[in-house]
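# Architecture at a glance
Listed below are the residues making up each chain.
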Amino acid sequence: MTDRSDIPPTYTIRPVASPPPSENPTAAMLKADIDSGRTGDKNPVFDPGLSPLGTDDEAAGTPPSAMCVALARRYENLVRWSRETWPIDAPHHEDGFPTVFAGSIVAIGAILACGIWYVRAI
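Note that the structure is predicted; figures quoted are calculated from it, not measured.

### A few points about the overall build of the protein chain
Looking only at helices and strands, one finds four helices and zero strands in the protein chain. Partitioning the intrachain contacts of the protein chain with sequence separation of at least 6 by distance along the chain shows that 59% fall at a separation of at least 24. Summing over all exposed atoms, the protein chain offers an accessible surface of approximately 9600 Å²; the carbon and sulfur share of this is 65%.

### Quick notes on helix 4 (residues 99–121)
For helix 4, built from 23 residues, the straight-helix expectation of 33 Å at 1.5 Å per residue is met to within 8% by its first-to-last C-alpha distance of 33 Å. Little of helix 4 is tucked away, with zero of its 23 residues classed as buried.

### Digging into the side chain of K31
Note on placement: K31 falls in helix 1 (residues 27–35). Those residues in contact with K31 that sit more than four places away from it in its chain are D47 and L53.

### Notes on the layout of surface pockets
Its boundaries defined by the atoms lining it, the largest pocket holds a volume of some 170 Å³. Taken together, P21, S22, P25, D33, R38, A70, R73, R74, N77 and L78 make up the full set of residues lining the largest pocket. Examining the composition of the lining of the largest pocket, we find that five residues originate from one element, helix 3 (residues 66–82), more than from any other.

### Quick word on helix 1
In an α-helix there are 3.6 residues to a turn, and that puts residues three or four apart on one side. Of all nine residues in helix 1, seven are buried; the element is thus mostly enclosed. For helix 1, the set of buried residues is A27, M29, L30, K31, A32, D33 and D35.

### Re the pattern of salt bridges
Summed over all chains, the structure comprises two salt bridges. Across the pair K31 and D35 runs a salt bridge, and its minimum N-O distance is 3.0 Å. Pair noted here: K31 and D35 are both in helix 1, with a separation of four residues, about one helical turn. You can call K31 buried: its relative accessible area is 19%.

### Describing the environment of D35
On the accessibility criterion, D35 (4% relative accessible area) is buried. Once residues within four sequence positions are removed from consideration, D35 is found in contact with V16, K42, N43, P44, V45, F46 and D47.

### Some words on the environment of D33
Among the secondary structure elements, D33 is positioned in helix 1. Classification of D33 as buried rests on a relative accessible area of 0%. Spatially, the C-alpha atoms of D33 and V16 are 8.6 Å apart, while their sequence positions differ by 17 residues. Beyond its immediate chain neighbours, meaning those up to four positions away, D33 contacts S18, P19, R38, T39, R73 and N77.

### Some points on the confidence of the model for the protein chain
Taken residue by residue, the protein chain gives an average pLDDT of 78. The fraction at 70 or more is 75%. Across the protein chain, element-level confidence peaks in helix 4 with a mean pLDDT of 94 and bottoms out in helix 3 with 79.

Each value, and the rule that gives it
- Residues numbered from 1 in each chain as written.
- Predicted model: local features only at pLDDT ≥ 70, side-chain atom pairs only at ≥ 80, totals over all residues.
- Heavy atoms only, no water.
- Helix = DSSP H or I, 4+ residues; strand = E, 2+ residues; numbered from the N terminus.
- Contact = heavy atoms within 4.5 Å.
- Areas by Shrake-Rupley, 256 points an atom, 1.4 Å probe, with all protein chains shown as cover.
- Expected span 1.5 Å × (residues − 1).
- Buried < 20%, exposed > 50% of the residue type's maximum accessible area, 1.4 Å probe, protein only.
- 1 Å grid on protein atoms, 1.4 Å probe; cavity = no way out; pocket = protein on both sides within 12 Å on 5 of 7 lines; lining within 4 Å.
- Points joined across faces, edges and corners; volume = space filled by probe spheres on them.
- Salt bridge = Lys/Arg side-chain N within 4 Å of Asp/Glu carboxyl O.
- pLDDT = per-residue confidence, 0-100.

Structure below.
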């Protein structure tokens, strides 16, 4: 066995709590909404990143305003779920059967079959 005492513990398996509503939200609150699974994008666990959400904007000298972050939080948390019947804490949801894609595949197959039949009939 190897000694693993020099490896720091990983906290990615602990669930992340969603931050409370705020009048001055930050990009970190938006990232916490995503990490908590509240937006439906991923499982509710911490997602480490080299560049957390909003740090590129801050490095460029143009951090997102509280109004922009509030709009993003509203869109991610409410508007996305308003057309669905899924609960707000559901980490994933199905988008339904891809009718147009499947119909296109069937139509292309029918056209190819008719074309092959027509060529062989000549």
